[in-house]
Amino acid sequence: MILLIALLLTTVTSYDQDVIIIGAGYAGLSAAQHLTTLSPSLKVQVYEASSRVGGRVRNWDTKTSKFDTITDDVVEVGGTFISPSHTALIALGKSVNIDIYNVSLGNISTTTNNNNNNNNNNNILEPAVDWPWWWWGVDVQGASNHTAGAIFHSFNGTFTFRTASQLINGLSNTTIQDLIQVGHEMDLATSTLKQCEQSGSTEWIDLDSITFEGWIRSKTIIEESRVILRNMCRGMIAQEPKFVSFLSIVKSMKGCWSGGDDDQYRFRGGSQAPLLKLQQSDTINIQLNTVVRFVKKNNKNKNGKNKNDEDDGYIVTIENMATDIVQKVTCKYVIVTGSPSALSKISFDSNILGHDDVQLLQRLPMGSSMKFFLIYNSPWWRESDAKEKLTAIYTTKLPADLFPIQTQDVISCQDHRPYSDERGAMMCWIEGNVNVNFYGLMTAAERKKKILDLIQFSFNNDARAAEPLTMQEFNWSDQNYIGGAYTGFFTPGTQSTVPFWKAYSGGTNSIGEKSNNVWFAGADWWTGIGNGYMEGAVRHGQKVAEVIIEREKKKSKKNHKQPIIKKMHQMTIKSTFQSNASTMET
């Protein structure tokens, strides 16, 4: 009889949504696509704080100056390049009819497409593997044309090069010998790392105890080689090596996070194109301009009594920035995506994030990166009348009159043409403290003048260099819901502290589950191949979606038994009433 009463009082929990996804970047929308495709009965809602989809990828049209569009004239102001190993990202693009094209040294085929005038299939003289390990321009130099070269402003003056041997011959012998020696030291450091995921091990503790800058200073004696290694760090993490754990560099060099030529492909239509296509498809519910303020467990049943039932799900408090309306939405699952900086702005109750999670967020600062574009009527630097086709600028030292603020603030630029190749697009990376100085010590007009001066100086004051159609800068460090680029990076001592690494990786499941049915997901949080790349965001989003689908299947099997039990309950009730009626008649 007690069992019967308990069954009669049982109620089914209802939710506003089955899954709430916070963030409409690659992690969020790949998870949403996976869920809606593989389990269309689930109610999935995506909330995005900004006015667009994309997260840290964004398109800008070189002809119309419009953002967030898909054309053959766009360039990427955010994440751009794709490795052959980025299979999940490439497949996502194909699923919405967005193809990749080859732009890098990784393509050494001698086949050209005579019907395509934009040189996207040109053969390359040297494969990326032939370039020295320290060369931060390894995957992009010469991408625009197989006869193209690059300009290098070094400690000993300016030279041009097209091949690895020309690069090495252009630098001083003392610099090269220093880099060769430090390369042997890097090989030794990499060989000590037995596993990519082994927090608390002796080798992790040793490698995680110093910054990359500390290691550089202990292994090098030539200042130019130090500048080259700092540039390498900026290119990898968009941050100064004095802030970055040496363990992170060793893991990257070992191939823990990526494989293949990282800069070999781009998406036709820009890296934002697949996400814009998903938004346009109307198969995913995306609400823009909606900030998530709070996520907490729903610990009350319908009668208002406190419960500890995991099926009660979660309450997500959202604020529509256009209407200022605040709502509370209930759900079973929560996927939280975005940068560590963005996630730190969301309040979580202590049942979701513990002490180690909160502390970890304080140890994952963001890099500082800005892309600066100069758009010309044509790519004059590699046209047929050019004496030498030069498509990139690299520096270890610039004249003081060009950059008097910080003589060590060096900048790299390259031909970053759109797919159509109808406009000339020269793009400069400004990363780490270089970006901090650029924004902290210069006005917008001064920044433009400095970049224009660099281009003119590099191309021997060619009159065409002084006449861009437009100039566009995009600084990721001042984006309110992102806070920097490329990703969050590890400060020394974080990865080797077991509780922090467990909080980061999600422990034994390694997919970032913070509480039952709540995940952190994205390029910053994925621990395997693709960490820090668009690929990692896609893999993580899809993996979490698969876990949710599997859990729903298990619940469905469990609930499938309920009709039989319900029928037994009804028979029991009917039998009880008949028995009582018979007793009354008697």
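Residues numbered from 1 in each chain as written. Predicted model: local features only at pLDDT ≥ 70, side-chain atom pairs only at ≥ 80, totals over all residues. Heavy atoms only, no water.

Asks: Would you mind showing me how to read the overall build of the chain here?
Replies: When you go through the chain residue by residue, the secondary structure sums to 17 helices and 20 strands. Relative to its full complement of 586 residues, the chain shows a buried share of 55%. Expressed as a percentage of contacts within the chain between residues at least 6 apart in sequence, the contacts between residues at least 24 apart total 73%. (Helix = DSSP H or I, 4+ residues; strand = E, 2+ residues; numbered from the N terminus. Buried < 20%, exposed > 50% of the residue type's maximum accessible area, 1.4 Å probe, protein only. Contact = heavy atoms within 4.5 Å.)

Asks: Explain the pairing of strand β15 (residues 390-395) here, please?
Replies: Sheet faces and side chains relate simply in a regular strand, where the side chains alternate between the two faces. The buried fraction of β15 is high, at 6 of 6 residues. Bridge count for strand β6 (residues 149-154) against β15 is 5 bridges, and the pairing is parallel. Among the inter-strand pairings, Ala-150 is bridged to a residue of β15, identified as Ala-392. Direction of pairing for β15 relative to strand β16 (residues 412-415): antiparallel, over a ladder of 2 bridges. Residue pairing across strands places Ala-392 opposite Gln-414, the latter belonging to β16. (Pairing = 2+ DSSP bridges.)

Asks: I would appreciate a short explanation of helix α14 (residues 444-458) in the present structure.
Replies: For α14, with 15 residues, the first-to-last C-alpha span of 21 Å sits near the 21 Å given by 1.5 Å per residue. Turning to α14, its buried residues number three or more, namely Arg-447, Lys-450, Ile-451, Leu-452, Asp-453, Leu-454, Ile-455, Gln-456 and Ser-458. Remark: Asn-460 follows α14 within two positions and exhibits a positive phi of approximately 55°. (Expected span 1.5 Å × (residues − 1).)

Asks: Help me understand the pattern of salt bridges in this model?
Replies: Under the defined criterion, the tally for this structure stands at 24 salt bridges. For Asp-524, the salt bridge is made with Arg-56, and the minimal N-O distance between the two is 2.5 Å. Here Asp-524 is found in the loop between β20 (518-521) and α16 (534-560), whereas its partner Arg-56 is found in the loop between β2 (44-47) and β3 (59-61), with 468 residues between them in sequence. When sorted by exposure, Asp-524 lands in the same class as Arg-56, which is buried. (Salt bridge = Lys/Arg side-chain N within 4 Å of Asp/Glu carboxyl O.)

Asks: Can you walk me through the side chain of Asn-475 in this structure?
Replies: Here Asn-475 lies in strand β18 (residues 470-475). The buried category is assigned to Asn-475, whose relative accessible area is 7%. A distance of 3.3 Å separates the side chain of Asn-475 from the backbone nitrogen of Ser-477, its partner in a polar contact. Leaving out residues up to four positions away in the same chain, Asn-475 has contacts with Ser-369, Met-370, Asn-435 and Tyr-439. (Polar contact = N/O pair within 3.5 Å; in protein donor to acceptor, adjacent residues only side chain to side chain.)

Asks: Whenever I open this one, the state of the cysteines confuses me. Can you help?
Replies: Covalent bonding between the sulfur atoms of two cysteines is what defines a disulfide. Taken as a whole and judged by the stated rule, the model has 2 disulfides. Covalent S-S linkage joins Cys-196 and Cys-256, the inter-sulfur distance amounting to 2.0 Å. Where Cys-196 bonds to Cys-256 through sulfur, the torsion about that S-S bond is close to -80°, and the disulfide is left-handed. Of the two residues, Cys-196 sits in the loop between α5 (173-192) and α6 (202-207) while Cys-256 sits in the loop between α9 (246-254) and β8 (265-267), which places them 60 residues apart along the sequence. Taking the relative accessible area as the measure of exposure, Cys-196 reaches 24% and is therefore partly exposed. Owing to a relative accessible area of 5%, Cys-256 belongs among the buried residues under this scheme. The disulfide partner of Cys-413 is Cys-428, and the S-S distance across this bridge is 2.1 Å. An S-S torsion of about 100° defines the bridge between Cys-413 and Cys-428 as right-handed. In this pair, Cys-413 sits in strand β16 while Cys-428 sits in strand β17 (residues 424-431), placing the two residues 15 residues apart along the sequence. The two residues Cys-413 and Cys-428 agree in class, both being buried. (Disulfide = S-S within 2.5 Å.)

Asks: What is the right way to look at helix α10 (residues 273-281) in this model?
Replies: Note on helix geometry: an α-helix contains 3.6 residues per turn, so any two residues three or four positions apart are oriented the same way. For α10, the complete set of buried residues consists of Ala-273, Pro-274, Leu-275, Leu-276 and Leu-278. At its buried positions, α10 is contacted by α2 (26-38), β3, α3 (87-95) and β8. Within two residues after α10, Asp-282 carries a phi angle of roughly 65°, on the positive side.

Asks: Explain the confidence of the model for the chain to me, please; I cannot follow it from the model alone.
Replies: Chain-level pLDDT for the chain is 85 on average; 81% of the residues reach the 70-or-more range. Contacts for the low-pLDDT stretch residues 1-11, under 50 throughout, to residues beyond four places or in other chains number 4 contacts. (pLDDT = per-residue confidence, 0-100.)

Asks: Please explain the packing of α2 against α3 as it appears in this structure.
Replies: Each pair of packed helices gets described by two things: the angle between the helix axes and the distance between those axes. Contact geometry of α2 with α3 gives a least axis separation of 12 Å together with a crossing angle of 60°. It follows from the interaxial angle that α2 and α3 lie oblique. Once α2 is placed against α3, the crossing between them reads as left-handed. Facing Tyr-26, Ser-30 and Gln-33 of α2, the residues of α3 in contact are Leu-89, Leu-92 and Ser-95. Grouping the constituent residues of the contact of α2 with α3 by class yields 3 nonpolar, 3 polar and no charged. (Axes fitted to C-alpha atoms, helices over the stretch in contact; angles between N-to-C directions. Parallel < 35°, antiparallel > 145°, perpendicular 65-115°, else oblique. Left-handed = near helix turned anticlockwise from the far one by under 90°. Nonpolar A, V, L, I, M, F, W, Y, C, P; charged D, E, K, R; others polar.)

Asks: Could you clarify how one ought to interpret the environment of Leu-402 in this entry?
Replies: As for its placement among the helices and strands, Leu-402 is situated in the loop between β15 and β16. Considering only alpha carbons, one finds Leu-402 and Lys-449, 47 residues apart in sequence, at a separation of 9.6 Å. Those residues in contact with Leu-402 that sit more than four places away from it in its chain are Lys-450, Asp-453, Leu-454 and Phe-457.

Asks: Is there a simple way to think about the sheet that holds strand β7 (residues 157-161) in this case?
Replies: Whether parallel or antiparallel, the strands of a sheet pair through hydrogen bonds between backbone atoms. Pairing is mixed in the open sheet, where 7 strands are placed in the order β7-β6-β15-β16-β17-β14-β18. Among the strands making up the open sheet, the edge pair consists of β7 and β18. Across this sheet, the average inter-strand angle for adjacent strands is 15°, counted without regard to direction. Pairing geometry for β6 and β7, over 5 bridges, is antiparallel. Considered in β7, the bridge of Ala-150 is made with Phe-161.

Asks: Any chance you could explain the pairing of β20 here in plain terms?
Replies: Burial along β20 is two-sided: the residues Val-518 and Phe-520 and Trp-519 and Ala-521 are all buried. Here 4 bridges tie strand β12 (residues 326-337) to β20, and the two strands are oriented parallel to one another. In the strand pairing of β20, Thr-337 is matched with Ala-521. With 2 bridges joining them, strand β19 (residues 513-515) and β20 adopt antiparallel strand pairing. The partner of Glu-513 across the bridge, within β20, is Trp-519.

Asks: Looking at this structure, I do not really get unusual backbone geometry. What am I missing?
Replies: Glycine aside, negative phi is the norm for most residues, and most peptide bonds take the trans geometry. In the segment running from Ala-485 into Tyr-486, the intervening peptide bond is cis, with an omega of 5°. Inspection of the secondary structure assignment puts Tyr-486 in the loop between β18 and α15 (498-505). We note that Asn-289 has phi near 55°; this positive angle belongs to a residue other than glycine. Within the secondary structure, Asn-289 sits in the loop between β9 (285-287) and β10 (290-297).

Asks: Looking at this structure, how should I read the packing of aromatic side chains?
Replies: Note on aromatic pairs: each is described by the distance of the centres and the angle between the planes. Under the defined criterion, the tally for this structure stands at 28 aromatic pairs. Aromatic side chains Trp-134 and Trp-135 sit 6.4 Å apart centroid to centroid with 85° between the ring planes, which places their arrangement in the edge-to-face category. Residue Trp-134 is classed as buried on the basis of its relative accessible area, which comes to 4%. Take Trp-135: its relative accessible area is 2%, and that puts it in the buried class. Ring pairing ties together the aromatic residues Trp-131, Trp-134, Trp-135, Phe-152, Phe-159, Phe-161 and Tyr-394, which thus form one cluster. Its end group placed over the ring of Phe-155, Lys-397 keeps NZ or CZ at 5.3 Å from the ring centre. Between Arg-447 and the ring centre of Tyr-439, over which it is positioned, the NZ or CZ distance is 4.0 Å. (Phe/Tyr/Trp six-rings, centres within 6.5 Å; stacked < 30°, edge-to-face > 60°. Lys NZ or Arg CZ within 6 Å of the ring centre and 35° of its normal.)

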